[in-house]
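Here is what each chain is made of, one letter per residue.
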Amino acid sequence: MSSPQRFDLTGVTLDRIDLDIEASDIKLAGYLEFYKTAIDEGVRGGLTLEMKLGIDVGIDINADFGCRKQPGALVFNTEEWFAYFYVDGTVVLTPGITLFQGCHCMVWAVVFITTCE
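Residues numbered from 1 in each chain as written. Predicted model: local features only at pLDDT ≥ 70, side-chain atom pairs only at ≥ 80, totals over all residues. Heavy atoms only, no water.

## Section: the packing of aromatic side chains
(1) Moving on: Throughout the structure, instances matching the rule amount to three aromatic pairs.
(2) Moving on: Relative to F85, the ring of F65 has its centre 5.9 Å away and its plane inclined at 15°; by these criteria the two rings are stacked. With F65 in strand β4 (residues 56-69) and F85 in strand β5 (residues 81-94), this pair connects stretches of sequence that are 20 residues apart.
(3) Moving on: The ring of Y35 is capped by R44, whose NZ or CZ atom sits 3.9 Å from the centre of that ring. (Phe/Tyr/Trp six-rings, centres within 6.5 Å; stacked < 30°, edge-to-face > 60°. Helix = DSSP H or I, 4+ residues; strand = E, 2+ residues; numbered from the N terminus. Lys NZ or Arg CZ within 6 Å of the ring centre and 35° of its normal.)

Pasting the structure below:
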C-alpha cells in the first residue's frame, strides 16, 4: 500500500470570476474583478439579469470600489490618497410601463461619489 501524495500550496492569486448561466426563461451573467495598478487598487463587477415573465425584464448593475494612492502620499483622505466608489444600474421592462398612450418609461439610476476633503 502506497502513501497518499502530498503537496504544499504557497499562494493563490485570484484576478477575476465570471458567471454565465442560462436556465429556462432566465439568463444571468456577470463578473467580479480585482485590480491593482501603480496608484489604484480595488474591485469592480457587473451583473446582467434577463427574465421573461410575460413581459421581458432586463437588469444591468455595475460597480467599482477602490482606493487611489499617489506615490509619496502620507495622509489618507486627501487629494493624493482617497477611497472611491461608483454604482450604476438599469432596469428595462419591455414593453415598458405605460405612463400614457404612446409613452413608456425606463428606470435608470447612477451614483458616483468620491471622498476627498
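## Concerning the environment of L47
(1) Moving on: Structurally, the position occupied by L47 is in strand β3 (residues 40-52).
(2) Moving on: The exposure class of L47 is partly exposed, given its relative accessible area of 37%.
(3) Moving on: When the C-alpha positions of L47 and N62 are compared, they lie 6.5 Å apart, and in sequence the two are 15 residues distant. (Buried < 20%, exposed > 50% of the residue type's maximum accessible area, 1.4 Å probe, protein only.)

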